[in-house]
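# Survey of secondary and tertiary structure
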Amino acid sequence: MKIGIIGLGLIGGSLLKVLSGKGHELFVVSSNPDTIKKAKIYAGFVSNQMTILSGCDLVFVCVPISKTLEILDELEKIVSENCIVSDVASVKEFVMQKKRPYSFIGSHPMAGTENRGFDASFKELFAGAKWVLTPFENTNKNDIEQLISVINLTDAEALIAQAKEHDLAVAMISHMPMLVAQGLYNAVKDNSLALKLASSGFRDMTRLAMTNTQLAVDMMNYNGKNIAIACDKLFESLNALQDKNYKEFISSISSQRAKMYSNDGKNILK
Ligand code: NAP
């Protein structure tokens, strides 16, 4: 296949690195001259112009959430109606509002780090992660299978969900926890002894406070309604913890949480 990637940051760069040398022709678009030089090792066709994507069979849009619709609109003038286009934005309902002249399938790899840009990208990023697809009801099954066949090359596991359900789910497991991490760090930051004593527990609990700021702001702007629902759920849950059955309650939480991940940190729930 001729596969295009637009935006070579953490996600786009990692996708380029993992797909390179796997038997497909790669066409990549970057606005950064330094990245363009570096990407030539991995792709046959590298440009700052989206027109190089005109003959592609599949294009991944890997730009910030707030830039995604603009690029999807631009692609309407460039790719053919047979081209499969997917984005990787962490929020999905907003990209599924419009039918496109090409075959659009929303997607979201459940993998990331707090770093951004091409130099932070690495080919193992998606290994073992879930990769959500949000097709339209009438999306051609063959197009979904073609997209999954490429996702399989990253060692991620593709799964299909409704965009609306996806957005609430990621608010619960990613966007609200990021807000909690930011609030937690902020609550402690003026206590210098506490910061000096902080070890792995505080480190693990506050890692998401380092989420790249553009991504964090976009998540709040594009998924705020679901983040508010998730925060209400959290407050309810904290109140429930004050219950007189605290010991029983937390021992059940602890044993359920212990079954979620394998020893190498991968989510093993089916
Ligand atoms: P990133 O490292 O900042 O990369 C975004 C890339 O988009 C930039 O490197 C740049 O690539 C391009 N770009 C085009 N227009 C831009 C603009 N106006 N401002 C900034 N960059 C622009 O971010 P990322 O983490 O890869 O995120 C990209 C997408 O992946 C987002 O939609 C995000 O929701 C999604 N995502 C992120 C994570 C995560 O944990 N980071 C996880 C899953 C999904 P060039 O310099 O090559 O033009």
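Within the protein, the regular secondary structure consists of 9 helices and 9 strands. Here the C-alpha atoms of the protein give a radius of gyration of 20 Å, agreeing with the 18 Å that 2.2 N^0.38 yields for 270 residues. Expressed along its principal axes, the backbone C-alpha trace of the protein runs to roughly 65 × 40 × 35 Å. Across the 270 residues of the protein, 40% fall into the buried class.

All right, on to the sheet that holds strand β3 (residues 45-47) then. Whenever strands of a sheet pair, they do so through backbone hydrogen bonds, lying parallel or antiparallel. Pairing is parallel in the open sheet, where 6 strands are placed in the order β3-β2-β1-β4-β5-β6. Strands at the two margins of the open sheet, each flanked by one partner only, are β3 and β6 (103-104). Relative to strand β2 (residues 25-29), strand β1 (residues 2-6) runs parallel, the two being bridged by 5 bridges. Bridged to I3 within β2 is L26. The sheet contacts of helix α1 (residues 10-19) involve β1, β2 and β4 (58-61), and relative to β1 the element is tilted by about 155°. Strands in contact with helix α3 (residues 65-75) are β1, β4, β5 (84-87) and β6; relative to β4, the strand with the most contacts, it is inclined by about 155°.

Before going further, it helps to examine the site of the ligand. With respect to spatial proximity, 25 residues lie near the ligand, and among them L10, S30, S31, S90 and G117 are the closest. Within the side chain of S31, an N or O atom sits 2.6 Å from an oxygen atom of the ligand. S90 has a polar side-chain atom sitting 2.6 Å from an oxygen atom of the ligand. Protein burial of the ligand: of its 870 Å² of free accessible surface, 83% is covered by the chains. Residue assignment for the shell around the ligand shows that the elements contributing at least two residues are α1, α3, β7 (106-109) and α8 (213-241). Residues belonging to the shell around the ligand are distributed by class as follows: 12 nonpolar, 11 polar and 2 charged.

What counts, and where the lines are drawn
Residues numbered from 1 in each chain as written. Predicted model: local features only at pLDDT ≥ 70, side-chain atom pairs only at ≥ 80, totals over all residues. Heavy atoms only, no water. Helix = DSSP H or I, 4+ residues; strand = E, 2+ residues; numbered from the N terminus. Rg over C-alpha atoms; globule rule 2.2 N^0.38 Å. Buried < 20%, exposed > 50% of the residue type's maximum accessible area, 1.4 Å probe, protein only. Pairing = 2+ DSSP bridges. Contact = heavy atoms within 4.5 Å. Axes fitted to C-alpha atoms, helices over the stretch in contact; angles between N-to-C directions. Near = heavy atom within 4 Å. Polar contact = N/O pair within 3.5 Å; in protein donor to acceptor, adjacent residues only side chain to side chain. Areas by Shrake-Rupley, 256 points an atom, 1.4 Å probe, with all protein chains shown as cover. Nonpolar A, V, L, I, M, F, W, Y, C, P; charged D, E, K, R; others polar.

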